[in-house]
Amino acid sequence: MADKVQKPGYLISVFDNRCPRCRLGKIFKHRNAYNLKQTVVMNEKCPVCGQPTDLETGFYYGTGYVSYALAVAISGVTFVAWLLTIGFSLEDSRFFWWMGINAVLLVVIQPLIMRLSRSLWLSWFVKYDPDWKKHEVAESERLVKEHQNNW
Ligand SMILES: [Zn+2]
């Protein structure tokens, strides 16, 4: 039983930007998401299990929709929180304060949203493999080197 490693949870590994295959390796090269030039610079392969992080040309194109959905979800959460704590009224500008603060919040956490979108996206295409040490990694075949990081 000693060699039985505890299975890392899906949500924790996604929020912590870990490789979906082994849930251990970091998919981004740099730890700090606020180093804006390098926010979405990724390791070509998972440093732990070797899973490629770029599966095909334009692979991360769809993350635009994911981050949009995340932004809408976050706005929904702040809306409800505002409603329950401060409330809205037609007689003052509380609604516009919420809009302004929510907009600033979305801009401030944008780097985190971008990373989370990529983590989620990759996790929908790469399955978790608890026995990743024993299985061979699936290499990406439909890559065009010159078009990498053009998206
Ligand atoms: Zn991995």
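Below is a short write-up of the structure. All values reported here derive from a predicted model rather than from experimental measurement. (Residues numbered from 1 in each chain as written. Predicted model: local features only at pLDDT ≥ 70, side-chain atom pairs only at ≥ 80, totals over all residues. Heavy atoms only, no water.)

What follows concerns the pattern of salt bridges. Evaluated as defined, the whole model comprises 5 salt bridges. Here Asp16 and Lys26 are joined by a salt bridge, their closest N and O atoms 3.2 Å apart. Pair noted here: Asp16 is in the loop between α1 (10-15) and α2 (63-85) and Lys26 is in the loop between α1 and α2, with a separation of 10 residues, a long-range link. Under the relative-accessibility criterion, Lys26 is labelled partly exposed at 22%. Here Glu139 ties to Lys45 by a salt bridge, and the two come within 3.4 Å at their closest N and O atoms. Highlighted residues: Glu139 in the segment after α4 (110-125) and Lys45 in the loop between α1 and α2, separated in sequence by 94 residues. (Salt bridge = Lys/Arg side-chain N within 4 Å of Asp/Glu carboxyl O. Helix = DSSP H or I, 4+ residues; strand = E, 2+ residues; numbered from the N terminus. Buried < 20%, exposed > 50% of the residue type's maximum accessible area, 1.4 Å probe, protein only.)

As a further point, take the packing of aromatic side chains. Scanning the entire structure with this criterion turns up 11 aromatic pairs. Measuring from ring centre to ring centre gives 5.1 Å for Phe79 and Trp98, while their planes differ by 80°; the resulting arrangement is edge-to-face. Of this pair, Phe79 sits in helix α2 while Trp98 sits in helix α3 (residues 94-108); the two residues are 19 residues apart in sequence, bridging distant segments of the chain. Of the residues examined, Phe79 reaches a relative accessible area of 29% and is grouped as partly exposed. An aromatic cluster is defined as three or more aromatic residues linked by ring pairs; in this entry it consists of Phe59, Tyr60, Trp121, Trp124 and Phe125. (Phe/Tyr/Trp six-rings, centres within 6.5 Å; stacked < 30°, edge-to-face > 60°.)

Looking now at the packing of α2 against α4. Where α2 meets α4, the closest approach of the two axes is 9 Å, and the angle between their N-to-C directions is 120°. Classed by the angle they form, the pair α2 and α4 counts as oblique. Handedness of the α2/α4 crossing: right-handed. For the pair α2 and α4, the contacting residues are Thr63, Val66, Ser67, Leu70 and Ile74 in the first and Ile113, Leu116, Ser117, Arg118, Leu120, Trp121 and Trp124 in the second. Counted by class, the contact of α2 with α4 contains 8 nonpolar, 3 polar and 1 charged residues. (Axes fitted to C-alpha atoms, helices over the stretch in contact; angles between N-to-C directions. Parallel < 35°, antiparallel > 145°, perpendicular 65-115°, else oblique. Left-handed = near helix turned anticlockwise from the far one by under 90°. Contact = heavy atoms within 4.5 Å. Nonpolar A, V, L, I, M, F, W, Y, C, P; charged D, E, K, R; others polar.)

Position of Ser67 among the secondary structure elements: in helix α2. Judged by its relative accessible area of 16%, Ser67 falls in the buried class. Remark: the alpha-carbon pair of Ser67 and Gln6, spanning 61 residues in sequence, is separated by 30 Å.

Counted at 1.5 Å a residue, the expected span for α3 with its 15 residues is 21 Å, and the 21 Å between its end C-alpha atoms agrees. Regarding α3, the residues found buried are Trp98, Asn102 and Leu106. Mapping the buried residues of α3 onto a view down its axis gives an arc of 60°, with all of them on the same face. Across from the buried face of α3, at angles greater than 90 degrees, the exposed residues are Phe96, Trp97, Val104 and Val107. Turning to α3, the residues buried within the fold contact α2 and α4. (Expected span 1.5 Å × (residues − 1). Arc of directions from axis to C-beta.)

This next bit is on the coordination of the zinc ion. In a perfect tetrahedron of four donors around a metal, the angles come out at 109.5 degrees. In a perfect octahedron of six, they are 90 or 180 degrees. Taken together, Cys19 (SG), Cys22 (SG), Cys46 (SG) and Cys49 (SG) make up the protein donors of the zinc ion, found 2.2 to 2.3 Å from the metal. Between the 4 donor atoms coordinating the zinc ion, the angles at the centre fall across 106 to 113°, so the site counts as tetrahedral. Along the chain, the residues donating to the zinc ion are arranged with the sequence spacing C-x2-C-x23-C-x2-C. One end of the pair, Cys22, is in the loop between α1 and α2; the other, Cys46, is in the loop between α1 and α2, and 24 residues separate them in sequence. Neither Cys22 nor Cys46 differs from the other in exposure class; each is buried. (Donors = N, O, S within 2.8 Å, 3.2 Å for Na, K, Ca; no water. Tetrahedral: all angles 85-135°; square planar, octahedral: opposite > 155°, others 65-115°.)

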